[in-house]
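# Fold and contact review
What follows is each chain in one-letter form.
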Amino acid sequence: MKAPRFSYVRAQSLDHALQLLAEHGDDARILAGGQSLMPVLNMRLSQPKLLIDINCIEALKGIRVVDGRVRIGALARHVEVMNSAVVEDSLPLIAEAMPHVAHVAVRNRGTFGGSIALADPSAELPACILALGASVIVQSTRGRRTIPADEFFLGLY
């Protein structure tokens, strides 16, 4: 099958993306790596009216230590996480899991945030962040908050 018709917007900033999400609600989907989204669109399991491409948002990229905690940006590609000295030194569980995430093509394009947001029960990364007692930072136009991983996941997918 082919994906349904949709409009496409490349968000210019985090605020722009959040505004679009607030404006379009359930009719919008975020496009980052697309490794999970594109098959769902092609099977027409999801038929959003708008795709919001967040790939240009620098604030969502990178892996760094902030106040003694490792922060992995939502747009960090799996391959970046897999090759990160910070992850290897500070998060050995995630370092060991990364070679088992999907296959090379998915690791080159897929994102850490996408894997967490999808919450696939068979995926490695949601299980890792649960085991590590990690937190997820979420944001909307109403503000920003930090949610412990064991409260973030509400169910399958």
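We now turn to the structure provided with this report. Values in this document were obtained by computation on a predicted structure and should not be read as measured data. (Residues numbered from 1 in each chain as written. Predicted model: local features only at pLDDT ≥ 70, side-chain atom pairs only at ≥ 80, totals over all residues. Heavy atoms only, no water.)

All right, on to the pattern of salt bridges then. The tally for this structure, following the rule as stated, stands at 3 salt bridges. Asp27 is the salt-bridge partner of Lys49, the closest N and O atoms lying 3.8 Å from each other. One end of the pair, Lys49, is in the loop between α2 (37-42) and β3 (50-53); the other, Asp27, is in the loop between α1 (14-24) and β2 (28-31), with 22 residues separating them in the sequence. We classify Lys49 as exposed; its relative accessible area is 56%. (Salt bridge = Lys/Arg side-chain N within 4 Å of Asp/Glu carboxyl O. Helix = DSSP H or I, 4+ residues; strand = E, 2+ residues; numbered from the N terminus. Buried < 20%, exposed > 50% of the residue type's maximum accessible area, 1.4 Å probe, protein only.)

So, about the environment of Gln12. Structurally, the position occupied by Gln12 is in the loop between β1 (7-10) and α1. Using a relative accessible area of 59% as the deciding quantity, one classes Gln12 as exposed. C-alpha of Gln12 to C-alpha of Cys56: the two residues are 44 residues apart in sequence and 6.7 Å apart in space.

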